[in-house]
Amino acid sequence: MSIAVVVPAEILGIILPLLLGAAFLVLAERKVMAFVQRRKGPDVVGSFGLLQPLADGSKLILKEPISPSSANFSLFRMAPVDTFMLSLVARAVVPFDYGMVLSDPNIGLLYLFAISSLGVYGIIIVGRSIN
C-alpha cells in the first residue's frame, strides 16, 4: 500500500475512537445525572438511548446557524474549527498503544503544551470577529 493510503487510515484509526468515546461518555454522564436527579434519562432514540449521541450530533450539524449581524462571517465560522482542529492535532504525540503514535518527536511534552495553549485563540478570534 502507498503512504497516501496508510497515513489517513492511521489517523482515522486514532481519531474515530476518540470521537466515539467522547460521544458515549457524554451519554453515560447524562444517564448518571438523570439517575441522580431521579428522572428518566436519554432513552428515546434507539434501545437504551444508544443512538442518542448520533441524534445529538445530527442536531448540532443541521440546526440553523446563528451569527451576529455585525460579525465578520468567515472569522466567526472558522474559530470553532480552529479550536477543534488544534485539540485533535495535540493528540498526535500521545501514544495510544505500543508503536501506535502518529508522531514521535523528542519534545512531545513541550509540543503538547504548546498546541494546547493555542486553543484559546479560537475564543479570541470569535470575540474579535464581532467587533
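For the structure itself, look to the data block above.
In this report, the structure presented in the accompanying data block is examined.

Thresholds applied
- Residues numbered from 1 in each chain as written.
- Predicted model: local features only at pLDDT ≥ 70, side-chain atom pairs only at ≥ 80, totals over all residues.
- Heavy atoms only, no water.
- Helix = DSSP H or I, 4+ residues; strand = E, 2+ residues; numbered from the N terminus.
- Rg over C-alpha atoms; globule rule 2.2 N^0.38 Å.
- Patch = residues over 30% accessible without salt bridge, like charges linked within 9 Å, V, L, I, M, F, W, Y side chains within 5 Å.
- Areas by Shrake-Rupley, 256 points an atom, 1.4 Å probe, with all protein chains shown as cover.
- Salt bridge = Lys/Arg side-chain N within 4 Å of Asp/Glu carboxyl O.
- Buried < 20%, exposed > 50% of the residue type's maximum accessible area, 1.4 Å probe, protein only.
- Polar contact = N/O pair within 3.5 Å; in protein donor to acceptor, adjacent residues only side chain to side chain.
- Contact = heavy atoms within 4.5 Å.

## So, the overall build of the chain
At step 1: Each helix and strand in the chain was counted, giving 5 helices and 0 strands.
At step 2: When the helices and strands of the chain are placed in sequence order, the string is α-α-α-α-α.
At step 3: Here the C-alpha atoms of the chain give a radius of gyration of 19 Å, more than 25% beyond the 14 Å that 2.2 N^0.38 yields for 131 residues.
At step 4: Each principal axis of the C-alpha atoms in the chain carries an extent, and together these give about 50 × 45 × 30 Å.

## Brief notes about a nonpolar patch on the surface
At step 1: A grouping of Leu12, Leu16, Leu19, Met78, Val81, Phe84 and Met85 is seen on the molecular surface, where their side chains present a nonpolar patch of about 630 Å² in accessible area.
At step 2: Looking at the nonpolar patch, the elements with two or more residues in it are α1 (3-36) and α3 (73-89).
At step 3: Structurally, Met85 can be placed in helix α3.
At step 4: Judged by relative accessible area, Met85 falls into the partly exposed class, the value being 43%.

## Focus: the environment of Arg128
At step 1: Residue placement: Arg128 occurs in helix α5 (residues 121-130).
At step 2: Look at Arg128 and you get exposed, because its relative accessible area is 58%.

## Some thoughts on the pattern of salt bridges
At step 1: With the rule as written, the count across this model stands at 1 salt bridge.
At step 2: Arg30 is paired through a salt bridge with Asp56; the nearest N and O atoms lie 2.5 Å apart. Taken together, the residues span a long stretch of sequence, with Arg30 in helix α1 and Asp56 in helix α2 (residues 52-62) at a distance of 26 residues.

## Describing the side chain of Ser129
At step 1: With respect to the helices and strands, Ser129 occurs in helix α5.
At step 2: Note on Ser129: relative accessible area 1%, which makes it buried.
At step 3: A distance of 2.8 Å separates a polar side-chain atom of Ser129 from the backbone oxygen of Val126.
At step 4: Setting aside anything within four residues of it in sequence, one finds Ser129 in contact with Ser70, Ala71, Asn72, Leu75 and Phe76.

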